[in-house]
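Given next are the chains, with one letter for each unit.
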Amino acid sequence: MKIDPANFNRKDLHGLFVSAVIPRPIAFVSTLGRDGVFNLAAFSFYNLFCLKPAIVALGIMSKRDGQEKDTLRNIEFSKDFVINVVPETLAEVVNQASAEYASDVDEFKEVGLTPVKAHLVKAPMVAESPVNMECKLVQILEFGESPTGSHVVMGEVLLVHVRDDLWTGDHIDLLRYKAVGRLGEDLYCRISDQFEMKPYKRII
Ligand SMILES: Cc1cc2nc3c(=O)[nH]c(=O)nc-3n(C[C@H](O)[C@H](O)[C@H](O)COP(=O)(O)O)c2cc1C
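I will try to describe carefully the structure that is included in this document. Residue indices follow the written sequence of each chain, beginning from 1 at its first position. Totals for whole chains, interfaces and linings use all residues, but because this is a predicted model, local features are given only for residues with pLDDT of at least 70 and pairs of side-chain atoms are given and counted only at 80 or more. Side-chain descriptors were evaluated using all non-hydrogen atoms of the structure, hydrogens and water having been removed beforehand.

### So, the side chain of Ser-44
Only runs of H or I of at least four residues qualify as helices and only runs of E of at least two qualify as strands under DSSP, and these elements are numbered from the N terminus. Summarising the element assignment, Ser-44 is placed in the loop between β3 (38-43) and β4 (46-50). We classify Ser-44 as buried; its relative accessible area is 14%. Only 3.0 Å separates the side chain of Ser-44 from the side chain of Arg-24, close enough to count as a polar contact. A simple rule labels every residue: compare its accessible area, found with a 1.4 Å probe on the protein chains alone, to the largest value its type can have, and call it buried under 20%, exposed over 50%, or partly exposed in between. Here a polar contact means two N or O atoms within 3.5 Å. Within protein one must be a hydrogen donor candidate and the other an acceptor candidate, and residues neighboring in sequence count only if both atoms are side-chain atoms.

### Things to note about the pattern of salt bridges
The term salt bridge refers to a side-chain nitrogen of Lys or Arg lying within 4 Å of a carboxyl oxygen of Asp or Glu. According to the stated counting rule, one finds nine salt bridges in the structure shown. Of the charged contacts in the structure, one is a salt bridge between Asp-70 and Arg-73, with a shortest N-O distance of 3.8 Å. Of this pair, Asp-70 and Arg-73 both sit in helix α2 (residues 70-78), separated by three residues, roughly a single helical turn. The partner of Asp-80 in a salt bridge is Lys-122, and the shortest N-O contact between them spans 3.9 Å. Taken together, the residues Asp-80 in strand β6 (residues 80-84) and Lys-122 in the loop between β7 (115-116) and β8 (125-126) connect sequence positions 42 residues apart. Assessed through its relative accessible area of 51%, Lys-122 is described here as exposed.

### Digging into the sheet that holds strand β10 (residues 150-162)
Here a strand pair is declared whenever DSSP counts at least two bridges between the two strands. Ordered by their spatial adjacency, seven strands build an open sheet running β3-β2-β6-β9-β10-β5-β4, and the pairing between neighbours is antiparallel. For this open sheet the edge positions go to β3 and β4, each flanked by a neighbour on one side alone. Strand after strand, the sheet turns through a mean of 35° between neighbouring axes, direction not considered. Any two residues whose heavy atoms approach within 4.5 Å are treated as being in contact. Axes, fitted as lines to C-alpha atoms, cover a helix only where it is in contact. Angles between the N-to-C directions of the axes lie from 0 to 180 degrees. Against the sheet, α2 touches β2 (27-32), β3, β5 (55-60), β6, β9 (131-143) and β10, its axis set at about 50° to β2.

### Some words on the site of the ligand
Whether a residue is near a molecule or strand is decided by its heavy atoms; if any one of them lies within 4 Å of it, the residue is near. The full set close to the ligand counts 20 residues, and Ala-42, Phe-45, Lys-69, Thr-71 and Ser-98 are the nearest of them. Between the ligand and Asn-39 there is a distance of 2.9 Å, counted from an oxygen atom to a side-chain nitrogen or oxygen. The backbone of Phe-45 places a nitrogen or oxygen atom 2.8 Å from an oxygen atom of the ligand. Look at the ligand: alone it shows 640 Å² of surface, and the protein chains cover 89% of it. Elements supplying a minimum of two residues to the shell around the ligand: β3, β5 and α2. For the shell around the ligand, the element with the most residues is β3, which contributes four residues. Note on areas: Shrake-Rupley, 1.4 Å probe, and residue coverage restricted to the protein chains presented here.

This is a description of form; function is not addressed.
Shown next as structure tokens:
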């Protein structure tokens, strides 16, 4: 079967691509709004694109009514954000915080999470998350139009906070950190089913 995405509406495009591009990491993004209100939302159109500078990007679609999401508005205002990782223990509350709340609602208070002052950025960090990355805005690219278009927010990671017991000396202990990933529909995945493959060393 060949599918031409040009003929698909938003719902069908979403169904196609979020089941084709899997598993996706989840960025639980905390931001600060113009009025001083803290905001939280999850984004799985998210990844790392460069090590130095450490560049991450988020794909932020519009709200159902076509308005910009609070995360985007806040990043445009404060020029920074924090990415908090999502272990299994936080999955439920991340989902709850990602519901559509009015812009003046402090989503930390709403879902019972603890904001912690970041070192270099204005956005708060989520205390309950074991890894937090302080990011400054680098660039925002705009593609298409609502409801299928997206703002791609690129940020540079300035500082990474890793809970002490998770740091092995050269990496974060994946099995203890237990991050969850996003699949299609309403499905998520765990990282407990892994396999190892050494890279080929081909000598021509
Ligand atoms: C696991 C998960 C992943 C999500 N990924 C995205 C995404 O990549 N892009 C997006 O626009 N919305 C995504 N959403 C929906 C937003 O989190 C949701 O629209 C949220 O209400 C936005 O909040 P805000 O207006 O406070 O920014 C995701 C939601 C969940 C639960």
